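Each chain is listed here by its residues.
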Amino acid sequence: MGKQLPASELKRDESLRVVDNRTGKEYTVPITNNSIPANFFKGIRAAAGPNDRPEDETERGLRVADRGFLNTAVIESHITYIDGDNGVLRYRGYPIEQLAERSSFLEVSYLLIYGALPSASQLSHFTSEVLLHGPIHSDAEGFFRAFRYDAHPMSMLTSAFAYLGSYYGEANPSLQGQDLFTKAAKGDPAALQNMDRQIFRLIGKATTLAAMAYRIRQGRDFVVPPTGMSYTESFLYQLDHLSPTDHLSELHSTKPHPVLVKALDILFILHADHEMNASSTTVLQTGSSLPDPFSAVAAGCASLYGPLHGGANEAVIRMLISIGSPKNVPAFLEAVKKRQKVLSGFGHRVYKTSDPRSFIIRKVADEVFAVTGRDPLLDTAMALHDAALKDDYFVSRKLAPNVDFWSGLIYRAMGFPMDFFPVLFVVPRVVGWVAHWRQMMLSPSGVKIWRPRQLYLGPSTRDYVPLEERTSAFQVGVGMEPSVIEHSGMTKRRKLAEAAGKVRSKL
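In this text, all values refer to a predicted model and were calculated from it rather than measured experimentally. (Residues numbered from 1 in each chain as written. Predicted model: local features only at pLDDT ≥ 70, side-chain atom pairs only at ≥ 80, totals over all residues. Heavy atoms only, no water.)

K.L.:
Explain empty space enclosed by the protein here, please?
P.N.:
Rolled over the atoms, a probe as big as a water molecule pinpoints where empty space is left. In total, this model carries one cavity of 30 Å³ or more according to the counting rule given. As a volume, the largest cavity reaches approximately 50 Å³. Lining the largest cavity are V130, L131, G134, G204, T207, P225, P226, Y231, S234 and Q238. Among the elements of the structure, α3 (120-132), α7 (189-218) and α8 (231-240) are those that each provide at least two residues to the lining of the largest cavity. It is α8 that provides the largest number of residues to the lining of the largest cavity, a total of three residues. When grouped by side-chain class, the residues that make up the lining of the largest cavity number five nonpolar, five polar and no charged. (1 Å grid on protein atoms, 1.4 Å probe; cavity = no way out; pocket = protein on both sides within 12 Å on 5 of 7 lines; lining within 4 Å. Points joined across faces, edges and corners; volume = space filled by probe spheres on them. Helix = DSSP H or I, 4+ residues; strand = E, 2+ residues; numbered from the N terminus. Nonpolar A, V, L, I, M, F, W, Y, C, P; charged D, E, K, R; others polar.)

So this is what it looks like as structure tokens:
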């Protein structure tokens, strides 16, 4: 792509030269941080051509089309860096490998939110505030018990984050003024304090809400967050403790196994942030209209709920179960090549080589299996792992195991049901969400609402036709008219009764 200029004509300049072949005009587009401003193209205008429609708005300037945001930078960030071609992931400049080996989840949380590794006193203060904000209003028990017995935990958790915002009017810009948080960018200490209080609440209560969503499915009473435990230790305690009271004496308390606590802490570090993924983008898209942060996090939770995002590790387990045994792996991979089956847990939208988190999590998996016992699916997983990495078809397509390939196996070994896997993704990702939200609120240039453009391809102007003059609409394409829905139960009986009533009225 692109025509190479002769060396004699080449002069290094941080700009892009664009020639509009419609008009013959030449434009110079500035390049900053290896990016060009999309707004610049609004100034590249031309008269409408013979194939242009009025809806193309040709005379109003070019639009930049990027379906799925494959190459669009929506924000300037200092938080997470990913080099997908070389398998690099860094939080605030620190390699993920170092953080997973030497840090803790709450220390990494501090790093992501505030930009630097904390001192001992700073970490103590931050940890204390997060854990002190773990307990939740007793009314929340009624909220969770209002869900059906078989409600998906992600439905409960998404709703719970939005519900949480109803308690804190002081955190709602709709009630307190739209500059409630953005004035922190000008150094307002009260705004900064208010912002951090909500961050403490969201991180502290994330484990509490997740544990409540888990225990309501088990038919157990809720557990008050204990004192004297780490963040992940407290979470496991809330999930599994058999008494709703907070006893910490050796006689009454069973602390979670330290290997499982450490494993979950590392998994939380690996999942804390991942740059502009779907859910983080959703949080910022929502946050750009300046709602309370609880609503923004609830939106992110809903985004992560989707199987293309938070459900990937569950898909791995279902895939391994469907394969059945190591001897079936070759046939499965052949079916994948024929596009008859889907290979889950391999490849990544960003990473074009190995996912750096997968190497860390592989070691964690061994440590967990040594405590919990060997999962029957592990042999199938290892056979699939080894076969895919030796197959040129997958190697040439850079389909290496990602973090989801191993995390699902670890969660399964720890005894979590598959539909709880996305919840275990949300809890640590709350930290990444609030880090990006806080960065947006502190932007020196202020917060601009995110309002992307579209390419309208629908019909041009049409005149309204009265109902009695219309014939049956006929439009070519899938989904161009309402589907015929099959009814059952009460609705079916009511429809039958209505039909019978119409017949009787004609007799």
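We are not done yet, so read on.
K.L.:
I tried to follow the layout of surface pockets on my own but got confused; where do I start?
P.N.:
Approximately 410 Å³ is the volume found for the second largest pocket. If you trace the second largest pocket, you find twelve residues lining it, with L10, K11, D13, S15 and R17 closest to the centre. Residue contributions to the lining of the second largest pocket peak at three residues, all from strand β1 (residues 15-19). Looking at the lining of the second largest pocket, its residues break down into four nonpolar, two polar and six charged.

K.L.:
Would you explain the packing of aromatic side chains in this entry?
P.N.:
The way to describe two aromatic rings as a pair is by their centre distance and the angle between their planes. Under the definition given, this model contains 25 aromatic pairs. What links up through ring pairs into an aromatic cluster is the set F143, F144, F147, Y163, Y167, Y168, F222 and F294. The cationic tip of R201 hangs over the ring face of Y168; the distance from NZ or CZ to the ring centre is 3.7 Å. Over the ring of W406 we find R362, and its NZ or CZ is 4.4 Å from the ring centre. (Phe/Tyr/Trp six-rings, centres within 6.5 Å; stacked < 30°, edge-to-face > 60°. Lys NZ or Arg CZ within 6 Å of the ring centre and 35° of its normal.)

K.L.:
I tried to follow helix α13 (residues 329-337) on my own but got confused; where do I start?
P.N.:
Helical periodicity: at 3.6 residues per turn, an α-helix aligns residues three or four positions apart in one direction. Within the span of α13, buried status applies to V329, F332, L333, A335 and V336. Seen end-on, α13 carries its buried residues on one side only, within an arc spanning 155 degrees. Exposed residues pointing more than 90 degrees away from the buried face of α13 are listed as P330 and A331. Against the buried residues of α13 lie α12 (312-323), α15 (377-390) and α16 (392-396). In the stretch just after α13, R339 is the one whose phi turns positive, near 65 degrees. (Buried < 20%, exposed > 50% of the residue type's maximum accessible area, 1.4 Å probe, protein only. Arc of directions from axis to C-beta. Contact = heavy atoms within 4.5 Å.)

K.L.:
Got a minute to help me understand unusual backbone geometry in this structure?
P.N.:
A negative phi angle is the norm for most residues apart from glycine, just as the trans form is the norm for most peptide bonds. Although it is not a glycine, L290 adopts a positive phi angle of roughly 65 degrees. Secondary-structure assignment places L290 in the loop between α10 (278-287) and α11 (293-305).

K.L.:
Just to check I follow, could you spell out the pattern of salt bridges for this structure?
P.N.:
Oppositely charged side chains are able to pair whenever their charged atoms sit close together. Counted under the stated rule, the structure contains 19 salt bridges. A salt bridge links R438 to D196; the shortest N-O distance between them is 3.1 Å. With a gap of 242 residues between them, R438 in helix α18 (residues 421-441) and D196 in helix α7 connect regions that are remote in the sequence. Across the pair, exposure class does not vary: R438 and D196 are buried alike. Residues D375 and R412 are paired through a salt bridge, measuring 2.8 Å at the closest nitrogen-oxygen approach. Here D375, found in the loop between α14 (356-372) and α15, pairs with R412, found in helix α17 (residues 403-413); they are 37 residues apart in sequence, far enough to count as distant. Given the relative accessible area of 7%, D375 is considered buried. (Salt bridge = Lys/Arg side-chain N within 4 Å of Asp/Glu carboxyl O.)

K.L.:
How should the side chain of T207 be read in this particular structure?
P.N.:
In this fold, T207 is placed in helix α7. Within polar-contact distance, the side chain of T207 engages the backbone oxygen of G204 at 3.4 Å. Beyond its immediate chain neighbours, meaning those up to four positions away, T207 contacts Y231, F235, Q238 and V427. (Polar contact = N/O pair within 3.5 Å; in protein donor to acceptor, adjacent residues only side chain to side chain.)

K.L.:
What am I meant to see in the pairing of strand β3 (residues 80-83) here?
P.N.:
Along any regular strand, the residues point their side chains to alternate faces of the sheet. By the bridge criterion, four bridges tie β3 to strand β4 (residues 88-91) in an arrangement that is antiparallel. Bridge pairing in β4 links T80 to Y91. Two successive antiparallel strands, β3 and β4, enclose a turn made up of four residues, where G87 displays a positive phi of approximately 65 degrees. (Pairing = 2+ DSSP bridges.)

K.L.:
Help me understand the environment of E314 in this model?
P.N.:
Mapped onto the fold, E314 is located in helix α12. A relative accessible area of 15% places E314 in the buried class. Residues E314 and K398 lie 84 residues apart in sequence; the distance between their C-alpha atoms is 22 Å. Ignoring sequence-local partners within four residues, the contact set of E314 consists of M418, D419 and F421.

K.L.:
Explanation requested: the sheet that holds strand β5 (residues 94-95) in the structure shown.
P.N.:
In sheet architecture, strand pairing relies on hydrogen bonds along the backbone and comes in two forms, parallel and antiparallel. Spatially, the three strands line up as an open sheet ordered β3-β4-β5, and their pairing is antiparallel. Strands at the two margins of the open sheet, each flanked by one partner only, are β3 and β5. The pairing of β4 with β5 spans two bridges and is antiparallel. Counted as the bridge partner of Y91 is Y94 from β5.

K.L.:
Could you clarify how one ought to interpret the nonpolar core in this entry?
P.N.:
As a rule of thumb, soluble globular proteins bury nonpolar side chains together. Counting residues in hydrophobic clusters, the biggest one holds 121 residues, and the most contacted among them are Y91, F161, I203, F235, L384, F416 and V430. Those residues in contact with Y91 that lie beyond four places of it in its chain are I79, T80, I96, L99, V108, L111, L112, I269, L270, H271, A272 and D273. (Core = buried A, V, L, I, M, F, W, Y, C linked by side-chain atoms within 4.5 Å.)

K.L.:
I'm lost on the packing of α11 against α18 in this one. Help?
P.N.:
Any two packed helices are characterised by how steeply their axes cross, that is the angle between the axes, and by the distance between the axes. Viewed as axis vectors pointing N to C, α11 and α18 meet at an angle of 135 degrees, and their least axial separation amounts to 10 Å. When the axes of α11 and α18 are compared, the pair comes out oblique. Considering how the two elements wind past one another, α11 and α18 form a crossing that is right-handed. The segment α11 lies against α18, with P293, V297, G300, C301 and L304 engaging P422, F425, V426, R429, V430, W433, V434 and W437. Residue composition of the contact of α11 with α18, grouped by class: eleven nonpolar, one polar and one charged. (Axes fitted to C-alpha atoms, helices over the stretch in contact; angles between N-to-C directions. Parallel < 35°, antiparallel > 145°, perpendicular 65-115°, else oblique. Left-handed = near helix turned anticlockwise from the far one by under 90°.)

This is a description of form; function is not addressed.
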